[in-house]
Amino acid sequence: MNRWWRSHSVRVRLTLWYVFAMILVLGVYAVAVFTFVRQNASDALDQRLRGDFQWAAAMVGQTPEGRITSFDQSDPLASDERPWLQVWSPEGELLFQNEEAVVRPVPQSRDLAMSADDRVLTINTSTDPLRVLTRRGRIGPKSVVIQVARSEGSMLSQLRELTLIFVFGLPAAVAVAGLGGFALASRALAPVEHLTERARTISAERLDERLPVAEHAAWTQVASLLLNLSETVTRN
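The structure presented is a predicted model; accordingly, all values stated were derived computationally and were not measured.

(A) Fine view of the pattern of salt bridges. Under the criterion given, the structure shown has six salt bridges. Between Arg135 and Asp118 there is a salt bridge, with its nearest N and O atoms 2.7 Å apart. Taken together, the residues Arg135 in strand β6 (residues 130–139) and Asp118 in the loop between α4 (109–115) and β5 (120–123) connect sequence positions 17 residues apart. In this structure Arg135 comes out as buried when scored by relative accessible area, which is 19%. One salt-bridge network, held together by shared partners, links Asp46, Arg131 and Glu152.

Spelled out as structure tokens, the structure:
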């Protein structure tokens, strides 16, 4: 491995170390961005659930016969915006459920209603996970437990799209950065190679020739720094 490493040119070694640094930096950046977006999306969904609870408390009422019903028959919200809703008695009797809850039953909902600890929990279902908020409330004089829920499908879809952007975008960015680093290393080392070639042409019959140090002084200093850095990294 060490022999293979030393057999490659300095510009290739410098480019590889540059690419490694870019992968490290972009990897940390991608993880930080993904964590930030996921946390924000999760917090937004929790906040929306708490808003759904306020909506449910206002839309669910008691009929003169004592039956729990929803006053939201006109469906003011779009069908894909309606939250999953159930109402339980403190003893665990199901008093009301809307169409979304009928279509997508949650077996654990009764156990959650019996505890009613005001926590937001994620329940795995046959499709997308469902995030459920269970909280005690009142409908008229009656004490009840109200459950609202929303699917995590939209949030998970956004996170999958972000993951695909990172999976396909970061390698392309590293490749472009690697080509740029190789071009920069080639340009920085070009004066050294030029001086080397000129030095080879100087022989006993051409001792009057001189190396064009002044012409390439700036690039020579840059190249020397790069060479020193490469040798230090190789030794370590």
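(B) Summary view of unusual backbone geometry. Its identity as a non-glycine residue notwithstanding, Ala116 has a phi of 45°, on the positive side. As for its placement among the helices and strands, Ala116 is situated in the loop between α4 and β5. The backbone phi angle of Asp118 is positive, close to 65°, even though this residue is not glycine.

(C) Seen up close, the pairing of β5. For β5 and β6, the ladder comprises four bridges, and the chain directions are antiparallel. Each residue of the ladder has a partner; that of Leu121, found in β6, is Val132. Connecting β5 to the next strand, β6, in antiparallel fashion are six residues.

(D) A look at the side chain of Asp52. Looking at the secondary structure, you find Asp52 in helix α2 (residues 10–59). Take Asp52: its relative accessible area is 8%, and that puts it in the buried class. Beyond its immediate chain neighbours, meaning those up to four positions away, Asp52 contacts Pro83, Val148 and Arg150.

(E) Representation of the sheet that holds strand β7 (residues 142–151). With respect to topology, five strands assemble into an open sheet ordered β4-β3-β7-β6-β5, the strand pairing being antiparallel. Sheet topology places β4 (94–97) and β5 at the edges, where each strand pairs with a single neighbour. Here the strands of the sheet are splayed against their neighbours by 25° on average, with no regard to which way each runs.

Reading guide: rules and limits
Residues numbered from 1 in each chain as written. Predicted model: local features only at pLDDT ≥ 70, side-chain atom pairs only at ≥ 80, totals over all residues. Heavy atoms only, no water. Salt bridge = Lys/Arg side-chain N within 4 Å of Asp/Glu carboxyl O. Helix = DSSP H or I, 4+ residues; strand = E, 2+ residues; numbered from the N terminus. Buried < 20%, exposed > 50% of the residue type's maximum accessible area, 1.4 Å probe, protein only. Pairing = 2+ DSSP bridges. Contact = heavy atoms within 4.5 Å. Axes fitted to C-alpha atoms, helices over the stretch in contact; angles between N-to-C directions.

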